[in-house]
Amino acid sequence: MGQSIALRIKRVLKHPLSSFVILGIVLLLVNVFYRAGIIQDIAFVRSVARVIIYSIVAMGFSLLLGYAGLASLGTSGLIGLGAFLIQLTYSQKGIPMVISILICLVIALVVGALIGFISLRIEGMYLAIITLCLSTILVELFRIGWGTDTFNLPRVQTFFGKEFPGYSSDGGLLVRDVMYYILVPLFVIVAMLTSNLMRSPTGRAMLAMKDSDSAAKAMGISVLKYRLIAFIIATVYAVFAGCLYMFYFRSTTYTDWGLALSLNILAAVIVGGSKSLLGCILGCFIIFGIDGMFLQNIPFFQNNTNFIYIISGALIIIVVMFYPGGLAHLWLDLKILIRKLKLKWRHYKYGD
Amino acid sequence: MGILQILLNSMQFIAIISLATLGIVLIFQTSITTNFAQSMIATVGGFISVTLLTKYGVPALASYFIAVAAMFLFGVFIDAVIIRFARHVTPVGKQMLTMGIVLLLTGLIPLVFGNVVMQAPKFSNTIITNASNTLSFSMHNLIGFILAAVVIAAIFICLKFTKWGLSVRATASNETVAKMMGINTRIITGVSWGIAGAVGTLAALIYAPLTQITPTMMVSVQVQGFMACVLGGFTSFIGPIVGAIIIPVLRNIVGYLGADTWKDVVVYLVIFLVVLIKPMGLFGKKIVKKV
């Protein structure tokens, strides 16, 4: 009987989506540990939240780059669009939280479709730079519309007409805790959806399109349809992440959404491996997380913040040069290495 | 303020952006990647020049020469150490390499040059006005513009008429075939990176006195350089320069017509619409890939 339970657990663990659930539980535990006093630093939890939010963007980007083969440099503008739309709908117009997120997603759908149509005409490096151009226009609009001040979003007070769990006029941090517990399940759901999508006919069609448009067309794949899908999903994810960013961090200015953020997300996807979701999350952890989670606590890096840039720069160069598939392959390569070592050990022990 | 004054005001940015654009295009054609590190390399050149000038009292002209030469060597070094070994990396991967260089330099600049804010002196502080006092421009802009024009003209003449130029064009059109024809493509890409570093530094030297020298000072120039490349077409050499002339002039004209806050939006929208109509830029040609 005991063995059959072990087998059952093993079978559940082998399910491709289980890794996301485990990751989600680990991420939830971060805040639990913080409340329990095991993790002392609030900056640690905030960095984890940052990694989660940007991972959502990176997952959409991975679909766009790794599957559909379309490069975009406009990601940051789209995240900013989410953040500023929340500013407009939730904070200025007073629309409830869930509805304002839904409004953002509808707008994202339209914007994504527009970029998808543009991608039919403009290709390759031109597309990347035109998306950068559009993102710059968006950021300029934020600057003109909202000025150069930092925006602070008021704490969420109500949720479907009831008082938001954890809200009290003085204990603001608890609201952030509840936001964190909302954030993690959303992240897991998005990861599962994306993972399923990548292994569905849609994902396969995108892969075919990536290698050659003409060949994909010859196989009866509608390039228009799948480009639109890829851009809509990437845009919706980016805007959604922007909404979540706003509700968690609650402040923004237009300078947050420049070219550097787009490049960082691109770097996270490339370093992690553009075809693997877990790789993307790992890449986001390396690019956005390590700094705030660990390096800030080491006295050497506190005094020499420049070394953080140097380390991440060197890491990107080394990974791209010597590990072009991304760190997602690390696990597989380690497995192969262990198997080889085992074989050698057997040869050594028992002879050939 | 007449149209002539607008042109005069645009002069400095025409010089800066066209130099930056030339570097981006040279690297794009020989290494097939958009070089995000272009602005960072140029900034390092600016830092070298200012440090030599203010800390060690080197004469201005000598410091400029040293900065340009150092960045030429630095460009060659980057190609020899990093880019050459990444020939089989995808174009996006190569972009990431240059992004890594940007981060590396962002960290290294304060370590090497210190965290102080520095101000570079202008080439010349005189301001020239015509007799009726309707037109005015600074000598600094004029010198910068002439310098940029001479350098760009020299590079174009070399591209057109020398063996080196022929090799660059051959490498740009097809690296493998160029290799078969006996062209040492390694030297060609290396020198292209070197020239990109040198012209970038020149742009930084012209731009630095107008603002403060910081690691991020060239980022907007770089973005406009990319826009110029897209507007003119990455596949030609002359197109991006035309783009680099159009962008500052257009921006100043829009600003003059009264829409000062909206000028960036208008310029980017125009670029977007032009590229939507001509997807390969104004001068670019479409290269059809075989299946």
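Residues numbered from 1 in each chain as written. Chains lettered and ligands numbered in written order. Predicted model: local features only at pLDDT ≥ 70, side-chain atom pairs only at ≥ 80, totals over all residues.

## A closer look at the overall build of chain B
Now for step 1: Each helix and strand in chain B was counted, giving 11 helices and 2 strands.
Now for step 2: Secondary structure of chain B in N-to-C order comes out as α-α-α-α-β-β-α-α-α-α-α-α-α.
Now for step 3: Rg of the C-alpha trace for chain B: 19 Å, near the compact-globule value of 19 Å for 291 residues, within the 12% margin.
Now for step 4: Each principal axis of the C-alpha distribution contributes one length, and for chain B these read about 60 × 50 × 35 Å. (Helix = DSSP H or I, 4+ residues; strand = E, 2+ residues; numbered from the N terminus. Rg over C-alpha atoms; globule rule 2.2 N^0.38 Å.)

## A look at the overall build of chain A
Now for step 1: In terms of helices and strands, chain A carries 15 helices and 4 strands.
Now for step 2: Its C-alpha radius of gyration of 22 Å places chain A within 12% of the 20 Å reference for a compact globule of 352 residues.
Now for step 3: By principal-axis analysis of the C-alpha atoms, chain A measures approximately 75 × 60 × 50 Å.
Now for step 4: Within the span of chain A, comprising 352 residues, buried residues form 44% of the whole.
Now for step 5: Pairs at least 24 residues apart make up 76% of the contacts formed inside chain A by residues separated by at least 6 positions. (Buried ≥ 20, exposed ≤ 12 C-beta atoms within 10 Å, placed from the backbone. Contact = placed C-beta atoms within 7 Å.)

## Considerations on the environment of Gly124 of chain A
Now for step 1: Turning to its location among the elements, Gly124 of chain A is positioned in helix α6 (residues 124-146).
Now for step 2: C-alpha of Gly124 of chain A to C-alpha of His329 of chain A: the two residues are 205 residues apart in sequence and 26 Å apart in space.

## Digging into the packing of helix α2 (residues 38-55) of chain B against helix α3 (residues 60-81) of chain B
All names here are of chain B.
Now for step 1: Interaxial distance between α2 and α3 falls to 8 Å at its minimum, and their mutual angle equals 145°. Crossing hand, α2 versus α3: right-handed. Along its contact with α2, which presents Ile41, Val44, Gly45, Ile48, Ser49, Leu52 and Leu53, the element α3 presents Ala60, Ser63, Tyr64, Ile66, Ala67, Val68, Ala70, Met71, Phe74 and Gly75. (Axes fitted to C-alpha atoms, helices over the stretch in contact; angles between N-to-C directions. Left-handed = near helix turned anticlockwise from the far one by under 90°.)

## Description of the interface of chain A and chain B
Now for step 1: Contact residues are listed per partner, giving 37 residues for chain A and 37 residues for chain B.
Now for step 2: Those elements giving two or more residues to the side of chain A that touches chain B turn out to be α5 (97-121), α6, α9 (213-218), α11 (259-272) and α14 (306-322) of chain A.
Now for step 3: Here the side of chain A that touches chain B gets 12 residues from one element, more than from any other, and that element is α6 of chain A.
Now for step 4: When its residues are assigned to classes, the side of chain A that touches chain B shows 29 nonpolar, 6 polar and 2 charged. (Nonpolar A, V, L, I, M, F, W, Y, C, P; charged D, E, K, R; others polar.)

## Brief notes about the packing of helix α1 (residues 3-31) of chain B against helix α10 (residues 238-256) of chain B
All names here are of chain B.
Now for step 1: Interhelical geometry of α1 versus α10 gives an angle of 145° and a closest axis separation of 8 Å. At the point where α1 passes α10, the crossing takes the right-handed sense. Contacts from Ile6, Leu7, Asn9, Ser10, Phe13, Ile14, Ile17, Ser18, Thr21, Leu22 and Val25 of α1 reach α10 at Pro240, Ile241, Gly243, Ala244, Ile245, Ile247, Pro248, Val249, Asn252, Ile253 and Tyr256.

## A look at α2 of chain B
Residues and elements named next belong to chain B.
Now for step 1: Here α2 spans 26 Å end to end across 18 residues, near enough to the 26 Å set by a 1.5 Å rise per residue.
Now for step 2: The buried fraction of α2 amounts to 13 of the 18 residues, a majority that puts the element mostly inside the structure.
Now for step 3: The first or second residue beyond α2 is Gly57, which carries a positive phi of 65°. (Expected span 1.5 Å × (residues − 1).)

## Overview of the environment of Ile187 of chain B
Now for step 1: Within the fold, Ile187 of chain B resides in helix α8 (residues 185-207).
Now for step 2: Residues Ile187 of chain B and Asp79 of chain B lie 108 residues apart in sequence; the distance between their C-alpha atoms is 9.7 Å.

## Overview of the nonpolar core
Now for step 1: The biggest cluster of nonpolar side chains holds 190 residues, and the ones touching the most others in it are Ala230, Tyr237 and Ala241 of chain A together with Ala203 of chain B.
Now for step 2: Counting residues per element, this core draws most heavily on helix α10 (residues 223-249) of chain A, at 18 residues.
Now for step 3: Beyond its immediate stretch of four places on either side in the chain, Tyr237 of chain A contacts Ile56, Val57, Met59, Gly60 and Val190 of chain A. (Core = buried A, V, L, I, M, F, W, Y, C linked by C-beta atoms within 7 Å.)

What is shown is where atoms sit, not what they do.
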